[in-house]
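Below are the chains, spelled out letter by letter.
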Amino acid sequence: MLIGIDVGGTYTDGVVFDRGEVITTTKVPTDDNDIKSTVLQVLDKLLLQQDKSDITRIVLSTTVVTNLLATGKGERTALLLIPGYGLPADAYDISDDTFFLKGGIDFRGRELDPLDEKGLGEVCDKIMAAGIKRVAIVSKFGNRNDNLEKQARDYIKKHYPQLSVTMGSQISGKLNFPRRATTAYYTAITSEEWNRFVDEIDRALTERGLDCEVHILKADGGTLALQVSRDMPCETVFSGPAASTMGALALAEAGMNAVVLDIGGTTTDIALLLDGMPLYASKGASINQRYTHVNAFAVRSIALGGDSSISVNAGQVAVENYRRDVAACFGGKSATVTDAFNCKFNLNIGNPEFSAAALEQLAGSGMSKDELSTTVVTIVINRLQDVITDMFKEWENEPAYKVWEVINKRKFTLEQIIGIGAASRAIIPQLAETMQVNHLIHQYADVANALGAAVARPTLVVNLHVDTQTKIYTLDPGGVRGTLDNPRNFQLENARQMAKKHLQEVGKERGMASYTDESSFFMEEQFNMIGGWDRTGKLFDVGIQVTPGFIEEFKGVKI
Amino acid sequence: MKPTGILFFPAFDWAISPTHPEREERLLYTRDQIFEEGIMDLPQIREYQPGLATDRDIARVHFCVPDVAAQITEAHLVSAGSALRIADAYMEGEIKNGFAIIRPPGHHSKTVSHGNRGFCNINNEAIMVEYLRQKYGIKRVAIVDTDVHHGDGTQEIYYNDPDVLFISFHQDGRTLYPGSGHMDELGGPLAYGSTINLPLAPRTTDTGILYALEHLIMPILEEFKPELIVNSAGQDNHYSDPLADMRFSAQGYARLNEMLAPDIAVLEGGYSVQTALPYVNMGLIMAMAGIDYSNLREPDYDPERMRENPANLEYIEKMVKRQLQVFRQREEQIANNRKTRDRFHHIHKQIFYDTDYIHEDQSVQLRLCPECAGFRLIESTAQHRNGYYYRVYCVSIPANACASCQAEARSGYTDMSGNDRYDLVYLQDRVNDDFRSIDIKKEAEKVL
């Protein structure tokens with residue numbers, strides 16, 4: 001039996017899922033100040049009717065880190081940047097406690113300027129004087145050569161042992177220094193709090209005698225063993241939308257081009273499935289308007305949901321971005337979006353007479369309740385449609401760097417709209433009709449998020465960069481750097497094997513060895529380096545991954 | 001404030017040959033640098049996706065022999081199409097300026113294209129300018145060629161067009177490919193002074209180039225009043241370029257673009273792929289986006305080695321003075337040419353395609369019209385690499401041609417359409433956006 005728990009902004013959902021069927025569901029209001037208790041409350045409710053020994057796996061999607069970053073309440077951390085030449089210092093507006101160190105590395109990983117240790121010492125004195133206990137060190141091209149970062153870390157460990165150090169090269173092997181700096185900084189500021197949460201969950205599960213696998217859902221729709229997540233708290237951001245997208249994927253027909261709308265009380269999360277694979281945010285997760293190296297689905301959230309309040313001001317109808325109460329048909333005080341759809345399309349949701357009465361009252365003497373609901377429906381459908389169209393366009397307008405990619409550019413042909421979340425039943429059928437495409441609202445649509453978490457499998461991405469002239473290779477994750485044994489005869493096949501081996505090793509460490517056989521290469525680049533008219537070496541970039549998918553025991557959902 | 005548009009198309013799967021300077025690796029380190037800097041994430045920058053040019057876009061500028069498909073690869077369509085895309089973004093007001101970092105390059109391609117010259121088959125800037133003239137009705141354009149090699153293709157295409165100002169500074173043609181771009185190449189009889197060349201001595205530094213920019217190029221631009229300024233942005237004036245011998249730096253390139261303030265920059269040459277391009281491209285982007293570039297420099301930059309020779313500066317000052325004078329006398333000179341010259345102006349030339357080893361023999365007749373800038377009748381012969389010997393006849397009607405020139409030129413096309421001296425007869429009518437050709441042996445007309 002599998003348990004999935006999805007902590008949302010308003011409610012936390014939980015399901016017990018077994019052999020294609022949802023056995024139990026539960027829902028409690030989320031206490032943002034004590035997410036651990038909310039999770040345990042849901043867990044205890046789910047366990048009431050189950051034998052604990054039947055539970056084989058628990059997956060949590062939490063908002064702990066997302067909230068921490070949004071409220072800026074993370075641990076105060078000094079960001080030490082080694083940018084070398086290039087953009088001006090004011091381009092890096094990431095931390096209030098940012099310090100710049102001298103030193104430089106280029107795109108080939110060659111050291112251009114040494115680290116200024118004396119300057120580092122002075123910076124550390126300032127950091128200590130400010131009472132800061134944690135630092136993140138990130139150098140430009142540190143992903144190609146982490147020597148300066150390591151040298152700085154070793155210096156700090158020796159002279160300032162009280163400081164904890166996070167290094168950018170450990171966080172990501174991808175290009176983009178500001179994103180690496182941001183991700184390293186966010187990792188550092190959330191590390192303490194996240195580890196406390198993991199400790200508490202760990203303890204609570206032991207107290208309950210649960211001895212099963214426990215995973216955390218990541219922004220890329222994959223899971224991560226609870227213990228492994230300690231080093232990478234940032235991976236857990238935006239796991240809510242990831243849970244709903246994985247839920248939609250679990251309920252939908254395979255291989256479709258679809259749009260997923262998770263319509264809740266006051267927000268709608270929209271994601272795209274291309275040939276049945278969720279679309280990723282090409283620039284990584286954007287946290288507090290800053291791009292990061294966190295792999296995340298391309299999800300757009302808009303402040304519009306079933307409980308969104310309706311107002312009429314001097315004849316002008318508006319759908320507000322806030323909620324006063326539940327819909328009138330469920331006993332709420334005033335008319336909401338759900339009431340308008342209920343009334344307009346005779347949906348018989350809750351008590352339709354209450355919907356009609358609330359709309360009648362709001363419409364006043366200037367317009368009829370039918371005119372009001374028609375206007376609200378038009379506003380809602382148009383807004384959703386605009387966002388969806390915009391997302392297609394954005395995907396179609398992704399940059400391309402090869403002739404092949406430009407010539408073979410595809411257009412997005414929408415085949416299905418998948419609705420999940422409580423309010424989707426009212427809105428999705430009308431949206432689908434307007435967009436002239438079929439729709440799916442599964443019987444489990446209301447708990448698709450928790451279900452998605454329960455059945456999601458672990459994911460892993462490995463990136464390898466090889467330079468046969470400098471004889472250096474770097475592997476991510478883990479910031480592994482080494483020297484090639486056979487640079488002269490090194491070929492793409494060697495690079496593939498090397499990346500695959502790293503994937504298997506990391507997979508084993510993370511307890512996901514059984515999934516590493518299902519990996520696929522998503523990037524294979526090789527370039528000849530020419531000096532004069534001769535080849536002086538080769539550069540390889542190879543990427544291999546275990547894509548988002550489902551655990552082996554998941555064989556679909558019974559209809 | 002509107003962002004700066006960047007279209008980065010490195011064509012990682014296109015090369016002239018594996019070890020050629022125009023190879024896959026050329027913009028690899030530029031990619032590494034601009035991606036690592038995260039400059040595309042900045043609010044001052046908007047990245048654009050490549051586009052595709054059509055055969056018509058190309059035929060608006062070139063007579064491709066025997067046809068467009070024979071002269072290009074898909075990479076050329078993407079490269080030219082990308083220039084059009086960034087130009088559209090500029091004209092639609094989405095961006096304050098734009099930089100197309102694209103390859104393959106184009107500025108050595110002339111009106112007739114029998115093959116590849118100086119790494120170029122089709123001229124990206126000219127295709128862009130004619131596209132903009134057709135689509136948005138702009139008339140006056142300035143193209144400033146900042147590549148170390150003389151932009152002989154662009155110069156030839158606009159040599160007789162008084163509405164396109166072409167300025168090129170470059171390493172003196174007596175010391176470098178393509179060997180042209182001398183002081184006395186000043187435009188055709190009716191477009192005198194709208195072509196300005198500044199051949200610079202080898203080893204000219206930032207100081208010399210920026211002097212010419214400030215004292216010649218900027219004043220000319222101010223007086224010419226173009227609706228659009230294009231930087232044909234080669235990066236091989238750099239001190240580390242393996243194919244040339246100048247002493248320009250990344251800081252110099254940034255300062256140049258800050259002062260020039262081009263509306264659109266299009267990458268041309270530049271083959272110091274590791275030591276120059278990552279930094280020069282950063283400099284261009286930063287300058288165009290108004291980002292402080294004082295912290296930018298090449299790792300091996302040594303200001304001591306980059307001091308200008310006083311004698312050279314004096315030489316540049318003299319050239320600047322003379323060319324400014326020529327430019328200011330252009331209207332007088334054109335009026336005089338109109339009065340004194342014959343009805344047609346004849347030119348005969350030989351063009352060598354260095355990449356493809358093709359020798360072209362060309363004779364041009366330019367109608368010296370009292371009303372407009374005239375039209376061109378071009379007869380061209382060349383033996384292609386496949387051994388076939390082509391003889392073609394081309395009629396080119398510019399966008400600003402008067403009604404009688406249009407009629408005369410079109411009848412020239414009709415008159416030649418059965419002439420078996422030629423393999424192909426072409427019509428390029430920019431006024432009506434009509435591009436066609438006749439295969440004489442097959443007696444088949446192709447309308448693009």
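Residues numbered from 1 in each chain as written. Chains lettered and ligands numbered in written order. Predicted model: local features only at pLDDT ≥ 70, side-chain atom pairs only at ≥ 80, totals over all residues.

## Description of the overall build of chain B
In plain terms, the rule: The helix count covers DSSP runs of H or I at least four residues long, the strand count covers runs of E at least two residues long, and both are numbered beginning at the N terminus. Only the C-alpha atoms count toward the radius of gyration. The rule for a globule is 2.2 Å times the residue count to the power 0.38. Three exposure classes are used, based on other C-beta atoms lying within 10 Å of a residue's own C-beta, which is placed from the backbone: buried for 20 or more, exposed for 12 or fewer, and partly exposed in between. Two residues form a contact once the distance between their C-beta atoms, set from the backbone, is within 7 Å.
When you go through chain B residue by residue, the secondary structure sums to 12 helices and 17 strands. Since a compact globule built from 448 residues should have a radius of gyration of about 22 Å, the 21 Å found for chain B is in line with a globular shape. Its C-alpha atoms put chain B at 65 × 45 × 40 Å along the principal axes. Across the 448 residues that make up chain B, the buried fraction comes to 56%. Sequence separation of 24 or more characterises 72% of the internal contacts of chain B that already satisfy a separation of 6 or more.

## Comments concerning the overall build of chain A
Across its full length, chain A carries 14 helices and 27 strands. For chain A, the C-alpha radius of gyration of 26 Å lies close to 24 Å, the compact-globule estimate for 559 residues. Considering only C-alpha atoms, chain A reaches an extent of 80 × 55 × 55 Å along its principal axes. Within the span of chain A, comprising 559 residues, buried residues form 49% of the whole. Within chain A, contacts between residues separated by at least 24 positions form 64% of all contacts whose residues are at least 6 apart in sequence.

## Here's the deal with the pairing of strand β23 (residues 460-467) of chain A
Residue and element names in this part refer to chain A. In plain terms, the rule: The rule for pairing is simple: two strands pair if DSSP sees at least two bridges between them.
Of all eight residues making up β23, eight are buried, and the element is well covered by its neighbours. Side chains Leu460, Val462, Leu464 and Val466 project from β23 onto one buried face, and the interleaved Val461, Asn463, His465 and Asp467 project onto a second face that is buried too. As judged from the five bridges shared by β23 and strand β24 (residues 472-476), these two strands associate in the antiparallel manner. The residue bridging His465 from the neighbouring strand is Thr474, located in β24. Hairpin geometry of β23 and β24 is characterised by an intervening segment of four residues between the two adjacent antiparallel strands and by a positive phi of about 65° at Lys471.

## What about the environment of Trp395(A)?
All names here are of chain A. Tracing the backbone through its elements, the reader meets Trp395 in helix α10 (residues 369-396). As a C-alpha pair, Trp395 and Glu405 span 10 residues in sequence and 13 Å in three-dimensional space. In contact with Trp395, other than residues within four places in its own chain, are Leu272, Leu279 and Phe412.

## Topic: the interface of chain B and chain A
Here is the rule: The nonpolar class holds Ala, Val, Leu, Ile, Met, Phe, Trp, Tyr, Cys and Pro. Asp, Glu, Lys and Arg form the charged class, and all remaining residues, Gly among them, are polar.
Each side of the interface is counted separately: chain B has 38 residues, and chain A has 31 residues. Only β1 (4-9), α1 (28-37), α4 (74-91) and α9 (277-289) of chain B provide two or more residues apiece to the side of chain B that touches chain A. Residue contributions to the side of chain B that touches chain A peak at seven residues, all from α1(B). Considered class by class, the residues forming the side of chain B that touches chain A number 20 nonpolar, six polar and 12 charged.

## Re helix α7 (residues 206-224) of chain B
All names here are of chain B. Test applied: The span one expects for a helix is its residue count, reduced by one, times 1.5 Å. To get the bend at a residue, fit one axis to the 7 residues ending there and another to the 7 starting there, then take the angle between the axes.
Helix length check: α7 (19 residues) gives 25 Å between terminal C-alpha atoms against 27 Å at 1.5 Å per residue, within 8%. The largest bend in α7 is about 35°, located at Leu213. For α7, every residue scored as buried is listed here: Asp206, Gly208, Ile209, Ala212, Leu213, Leu216, Ile217, Ile220 and Phe224. On its buried face, α7 is in contact with β6 (141-145), β7 (164-171), β8 (195-200), α8 (250-260) and α10 (310-328).

## Some thoughts on the environment of Ser301(A)
Residue and element names in this part refer to chain A. Position of Ser301 relative to the elements: it lies in strand β18 (residues 300-302). Linking Ser301 and Ile35, residues 266 residues apart in sequence, is a C-alpha distance of 22 Å. Not counting residues within four places of it along the chain, the set of residues in contact with Ser301 comprises Thr267 and Asp269.

## Section: the packing of α8(B) against α9(B)
Residue and element names in this part refer to chain B. Short version of the rule: Comment: axis = line fitted to C-alpha atoms, over the contacting stretch for helices; angle = value between 0 and 180 degrees taken between N-to-C directions. Orientation categories follow fixed angle ranges, with anything under 35 degrees roughly parallel, anything over 145 roughly antiparallel, 65 to 115 roughly perpendicular, and all other angles oblique. What makes a crossing left-handed is the near helix being turned counterclockwise from the far one by less than a right angle; a clockwise turn instead makes it right-handed.
At a closest axis distance of 8 Å, the pairing of α8 and α9 adopts a crossing angle of 25°. One element, α8, and the other, α9, form an angle in the roughly parallel class. Between α8 and α9 the crossing geometry is right-handed. Here Ala250, Gln251, Tyr253, Ala254, Asn257 and Glu258 of α8 lie close against α9, whose contacting residues are Tyr279, Val280, Gly283, Leu284, Met286, Ala287 and Met288.

## Overview of the sheet that holds strand β14 (residues 389-397) of chain B
Residues and elements named next belong to chain B. Here seven strands make up an open sheet; going across it, the order is β11-β12-β13-β14-β15-β16-β17 and the pairing mixed. Here the strands that pair on one side only, and so sit at the sheet edges, are β11 (344-353) and β17 (444-447). For this sheet, the mean angle separating the axes of adjacent strands, direction not counted, is 15°. As defined by bridge partners, strand β15 (residues 424-429) adjoins strand β16 (residues 434-439) across six bridges and the pair is classed as antiparallel. When the bridges of β16 are listed, Val425 appears paired with Ile438.

## Points about the domain arrangement of chain A
All names here are of chain A. What counts is decided by this rule: The split of the chain into domains comes from an automatic or database domain assignment.
According to the domain assignment, chain A contains domain 1 (77-190), domain 2 (308-450) and domain 3 (460-546). The distance between the C-alpha centroids of domain 1 and domain 3 comes to 25 Å. With 11 residues of domain 1 at the contact, the number on the domain 3 side is 11 residues. Of the residues in the side of domain 1 that touches domain 3, the class split is one nonpolar, six polar and four charged.

## Section: the pairing of strand β27 (residues 534-546) of chain A
Residues and elements named next belong to chain A. Looking at chain direction, β23 and β27 are connected through eight bridges and run antiparallel. Across the sheet, residue Leu460 finds its bridge partner in β27, namely Val546. By the bridge criterion, 11 bridges tie strand β26 (residues 520-531) to β27 in an arrangement that is antiparallel. Bridge pairing in β27 links Asn528 to Lys538.

## Regarding unusual backbone geometry
Backbone phi values are negative for most residues with the exception of glycine, while trans is the configuration of most peptide bonds. The omega torsion across Val65(B) and Pro66(B) is -10°, close enough to zero to call that bond cis. With respect to the helices and strands, Pro66(B) occurs in the loop between β3 (63-64) and α3 (68-71). Put simply, Arg103(B) and Pro104(B) share a cis peptide bond, and its omega is 5°. Inspection of the secondary structure assignment puts Pro104(B) in the loop between β4 (97-102) and β5 (112-113). Phi is positive for Arg19(A), close to 45°, though the residue is something other than glycine.

## Describing the sheet that holds strand β6 (residues 98-100) of chain A
All names here are of chain A. Here we have four strands laid out as an open sheet, ordered β6-β5-β9-β10, and parallel in their pairing. In this open sheet, the two edge strands, each paired with only one partner strand, are β6 and β10 (164-167). Within this sheet the neighbouring strands show an average axis-to-axis angle of 25°, counted without direction. Contacts from helix α4 (residues 147-159) reach β5 (77-82), β9 (134-139) and β10 within the one sheet, and its direction differs from that of β9 by about 155°.

## Topic: the domain arrangement of chain B
Residues and elements named next belong to chain B. One can read the domain layout of chain B as domain 1 (4-332) and domain 2 (342-447). For domain 1 and domain 2, the distance between their C-alpha centroids amounts to 27 Å. Taken together, the contacts link 28 residues of domain 1 with 32 residues of domain 2. Counting residues per element, the ones that place at least two in the side of domain 1 that touches domain 2 are α2 (55-59) and α5 (124-136). Per-element tally for the side of domain 1 that touches domain 2: the top contributor is α5, with three residues.

## Here's the deal with α8(B)
Residues and elements named next belong to chain B. By the criterion of burial, α8 is predominantly enclosed, with eight of the 11 residues buried. When α8 is considered as a whole, its buried residues turn out to be Ala250, Gln251, Gly252, Tyr253, Ala254, Leu256, Asn257 and Leu260. The secondary structure elements touched by the buried residues of α8 are β6, α7, β9 (228-233), β10 (264-267) and α9. Ala261 occupies a position one or two residues after α8 and carries a positive phi of about 45°.

## Details of the environment of Arg56(B)
All names here are of chain B. Within the fold, Arg56 resides in helix α2. By the C-beta count within 10 Å, which is 15 here, Arg56 ends up partly exposed. A sequence separation of 113 residues divides Arg56 from Phe169, and the C-alpha atoms of the two residues are 31 Å apart. Beyond its immediate stretch of four places on either side in the chain, Arg56 contacts Phe435 and Leu448.

## Structural notes on the packing of helix α9 (residues 352-363) of chain A against α10(A)
All names here are of chain A. As a packed pair, α9 and α10 sit with axes 8 Å apart at the nearest point and diverge in direction by 95°. Viewed along their axes, α9 and α10 adopt a mutual orientation that is roughly perpendicular. On α10, the residues that touch Ala356, Leu359, Glu360, Leu362 and Ala363 of α9 are Lys369, Leu372 and Ser373. Considering only residue class, the contact of α9 with α10 consists of five nonpolar, one polar and two charged.

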